Structure formats: structure tokens, C-alpha cells
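Descriptive structure summary
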Amino acid sequence: MNFLNIFEDHVAGIFGATRAPFSFKKLAKQAAREMEDQTLVINGVNTAPALYTILIANDDDPLMAPYYPELSREISEFVKAQAEKKRYVFVGEPLVRFMIDPSLKSGKFSVFAENVDAPTLGRLYEEERAYQQGLSQSMPAQSRRQSAPMPISVPSQPEPAPRASAQLASSRVPAVAPDLADDAAADPFAPSMPDPAAAPIPVPKTIMREQIAGMGGAAATGAAMGAAASIAANMAGTRNAAPAQPHAQLVDVVTGDVHEVNGSQCIIGRERAASNVVLRDPNVSRRHAQLTFTGQDWSIEDLRSTNGTMVNNRRITRCPLRDGDLLTFGLSTFEFRG
């Protein structure tokens, strides 16, 4: 019996009488292809990707949630068996995690394999453990299974972990995220935007000179007064008009890609179901940060992300934003335009 048949039997045993929402045999094959495509030669060693993200439909999540720990373990074991057969190595214990993609229909899935360095893999293990603990606490008692939980612990590194060389700059191996201070820096900015409502209405020095030219005496005076009153009324109407809808942009400083922000709140993260701006960066948390529009100003708040949020190269907890600020989430940096 080959690895694929063994894996299929184990998955069938996990679901029992419950019918799986899709073919896990196809999922395993896709994971194997992803592993093959993303395996890199680093310092002469074939290094397989250690991070596997499985996107599923929102409708399939309630059915599968009780089985995530066991399914993750079985998929990880299958991936390791495939790698051992080909004599590939990992930088640490492979991590398999499930995420929701609202664009997928029930019964559909996608698998993405990514190369990450050992420190990043360790941080992702800790984040996944915290996520599964929260999932377990929110899950009804009758739906929890009694099997052993997924062994989510910081993976030990087998032998000296291979490091990416300079020639791999164009690959998908992310650079090591910089170590960040535990204490957030003090709020680097203070709101300085003046209140537009406090600005006086400017009185024009010239009023429709072309229309008033040629009029004399009372006619010219009346025309000028009427024009001034009309302008003042229009400006007052503009002031009292409903505020414009909030709009901002996040511009990737490397690729130039633009993420539109339309709404008073915007979540930035890796989890498609929970984020308005989705970043495919393994250093970005499921829910990483939140942009908020207060009616006049924008602000940003870190959502207790694993690697933190930085504004103009300073780690923050929460602070106001100004046009042109540089925002860093994981290894991705964006210029804020608001």
C-alpha cells in the first residue's frame, strides 16, 4: 500500500460516518505537486517548503473545524513521507494550516506551499497554536473530539538549517523578519489636522467682474451684493454637506500594486475571511492590523500580530496616519495615501 492510500484510509477514519466535503486524495496530490514546485536547492541541499496553507470554502469550515488538528497532522505526515522518498529536507517540522477563502464554493479547495526560514516557521507555529486554542474554546463541547491535539510546538531544526544564498533573491523564500522590541514605541505622531468647520469663509476681493462691468451706480452695487450673497450661500452649503465617503490607498513600494480602502474600517491580514486587504506573506498574521477613519483622520492599530506593525520604521500599537506614511506588515511595506 502506497503513501497516498494510507493517507486516504487515515482521513476516512477521522471523518468516520461523516462525509468529507471534498476528496482528500486530490488534496494530497495537490500538496505533493506544490512541494515539488517550491522545493529549492539551498547550499547544495534540496529543501522542501515547510509551510502548507489550505484554503477552503466558508460553508465547509463548520464541518471540518473539529477535525483540523488531526487533518493537519495527517497531511503533514504525508508531506514528510513524500519528501523522504525524494530525499528532500525541511528547515523544521512542516506546518499545515486551514484558512477560509470566501470566493471558493463548497467542495472546492486550494493548496499553497511556501518556503520560510526556521525562525519564521517557529513564530507561525506559535500563532497557529493560539488560533486553535481559541477555536477549541469557542467550539461546542459535543463537537470536540477526544483525540490528541495537533502537536503544535516550536519545531526543532534538524542539523544546521540551510540558509538561502544570494542567488535565491528571485525565489519565494522570504527574508528573515527583523527581531522586534517587545515594548511598543510611544505614539510617534500627534493629530495636527485643523478642524475644517473652524475655518472662516473667505471674502472674495473681486466678484464676477466680467458680469458687473458696464453697470453703473445702484445697478453695479446691487449686482455685486447679489453675487456675494450667492457665493457665501454656496460655500455655506458646501460646509454643511454630508462628509465624503472614506477612501484611502495602500501602495506597495516594491510592486506598485494598489489596494483600495473604502469604508470606515479596514482589516489587513492573511485570513481571507477576516480581512479586507489580504496579503500573501507568511510573516503577516491572520488579522494583522486595522485602519480606521474617524470622520476627519485615519489611524492604524496593530491587532496583536505575531511580527508587529511598523509606521515609518517604528513599531506601534496605535497611532494616527498622515499621507505618505510607510506601513510595514511582516515583510511587506506600503505607502499610505489618504
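Preceding this paragraph is the structure being described.
What this report covers is the structure whose coordinates are included nearby. (Residues numbered from 1 in each chain as written. Predicted model: local features only at pLDDT ≥ 70, side-chain atom pairs only at ≥ 80, totals over all residues. Heavy atoms only, no water.)

**Quick notes on the overall build of the protein chain**
What the protein chain contains, in helices and strands, is 7 helices and 16 strands. A buried classification covers 42% of the 338 residues belonging to the protein chain. Long-range pairs, those at least 24 residues apart, make up 65% of the contacts in the protein chain with a sequence separation of at least 6. Split by element, the accessible area of the protein chain, about 18500 Å² in all, is 52% carbon and sulfur. (Helix = DSSP H or I, 4+ residues; strand = E, 2+ residues; numbered from the N terminus. Buried < 20%, exposed > 50% of the residue type's maximum accessible area, 1.4 Å probe, protein only. Contact = heavy atoms within 4.5 Å. Areas by Shrake-Rupley, 256 points an atom, 1.4 Å probe, with all protein chains shown as cover.)

**Examining the sheet that holds strand β8 (residues 265-269)**
Strand order in the open sheet made by the 5 strands is β9-β8-β10-β11-β14, with mixed pairing throughout. Only two strands of the sheet have a single partner each, and these edge strands are β9 (277-278) and β14 (318-321). Here 5 bridges tie strand β10 (residues 289-293) to strand β11 (residues 298-302), and the two strands are oriented antiparallel to one another. The residue of β11 that forms the bridge with Ala289 is Asp302. (Pairing = 2+ DSSP bridges.)

**A closer look at the environment of Phe15**
Its location among the elements puts Phe15 in helix α1 (residues 3-15). The sequence separation of Phe15 and Pro66 amounts to 51 residues, and the corresponding C-alpha distance is 9.7 Å. Contact partners of Phe15, with chain neighbours within four places excluded, come to Ala20, Pro21, Phe24, Tyr67 and Leu71.

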